[in-house]
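# Coordinates in review
Okay, here's what each chain looks like letter by letter:
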Amino acid sequence: MNCERCDKSDTDVGNITQYKEHDCNMKLCKDCITIIEKPYNEKCVQCEKLVWKNGGAKKYKDQILCLYCHQSILTSKDKKLKPKTSILKKGKFWFSIGLIIIGILILMEYI
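Residues numbered from 1 in each chain as written. Predicted model: local features only at pLDDT ≥ 70, side-chain atom pairs only at ≥ 80, totals over all residues. Heavy atoms only, no water.

### Details of the overall build of the chain
Quick note on the threshold: Numbered from the N terminus, helices here are DSSP runs of H or I no shorter than four residues, and strands are runs of E no shorter than two. Using a 1.4 Å probe on the protein chains alone, a residue whose accessible area is under 20% of its type maximum counts as buried, one over 50% counts as exposed, and one in between counts as partly exposed. A 1.4 Å probe and the Shrake-Rupley method give the accessible areas. Residues count as covered only by the protein chains that appear here.
Secondary structure summary: the chain contains four helices and four strands in total. Listing the helices and strands of the chain from first to last along the sequence gives α-β-β-α-β-β-α-α. When each of the 111 residues of the chain is scored for burial, the buried share is 17%. Roughly 9300 Å² of accessible area belongs to the chain as shown, and the carbon and sulfur atoms make up 58% of that amount.

### Comments concerning the side chain of His70
Definition in use: Contact criterion: two residues are considered in contact whenever any of their non-hydrogen atoms come within 4.5 Å of each other.
Within the secondary structure layout, His70 lies in helix H3 (residues 67-81). When neighbours within four sequence positions are excluded, His70 is seen to be in contact with Lys58, Lys59, Tyr60 and Leu65.

### A closer look at a nonpolar patch on the surface
This is how the line gets drawn: Each patch is built from residues that are more than 30% exposed by relative accessible area and take part in no salt bridge. Like charges join if they lie within 9 Å; nonpolar side chains (Val, Leu, Ile, Met, Phe, Trp, Tyr) join within 5 Å. Take a side-chain nitrogen of Lys or Arg and a carboxyl oxygen of Asp or Glu: if they are within 4 Å of each other, that pair is a salt bridge.
Taken together, the side chains of Ile100, Ile104 and Met108 make up a nonpolar region of the molecular surface, amounting to roughly 330 Å² of accessible area. The topology assignment puts Ile100 in helix H4 (residues 91-110).

### A short note on the state of the cysteines
Spelled out, the test is: In plain terms, two cysteine sulfur atoms within 2.5 Å form what is called a disulfide here.
Inspection of the entire model under this criterion finds zero disulfides. Unpaired in terms of disulfides, Cys47 finds its nearest cysteine sulfur in Cys44, a separation of 3.7 Å. According to the relative accessible area criterion, Cys47 is partly exposed, its value standing at 27%. Unpaired in this structure, Cys69 has its nearest cysteine sulfur neighbour in Cys66, at a distance of 3.5 Å.

What follows is the structure in structure tokens.
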């Protein structure tokens with residue numbers, strides 16, 4: 001009897017079993033079963049949940065993360081890169097510029 005995936009005989013790879021999980025109905029050896037089950041057994045490094053149940057796997061700096069943790073890391077990076085200044089936050093600067101302009105206008109009336 002041969003493995004239906006790798007086509008190796010049972011004398012070379014050992015026991016061949018009927019595998020019916022994960023939408024697969026084949027006679028497989030132990031090596032092929034571990035290859036098929038590997039993505040289903042991976043856990044996210046950050047949240048420790050199974051990756052395939054939590055949106056899929058993404059690699060980030062040689063670590064496997066679920067989609068949600070990967071997105072949270074990317075959004076936190078985006079927030080750090082955006083400038084935090086606006087016109088309202090620089091109120092003192094614009095107030096002083098306004099005073100300077102008003103002062104120049106008042107001086108121009110006296111000259």
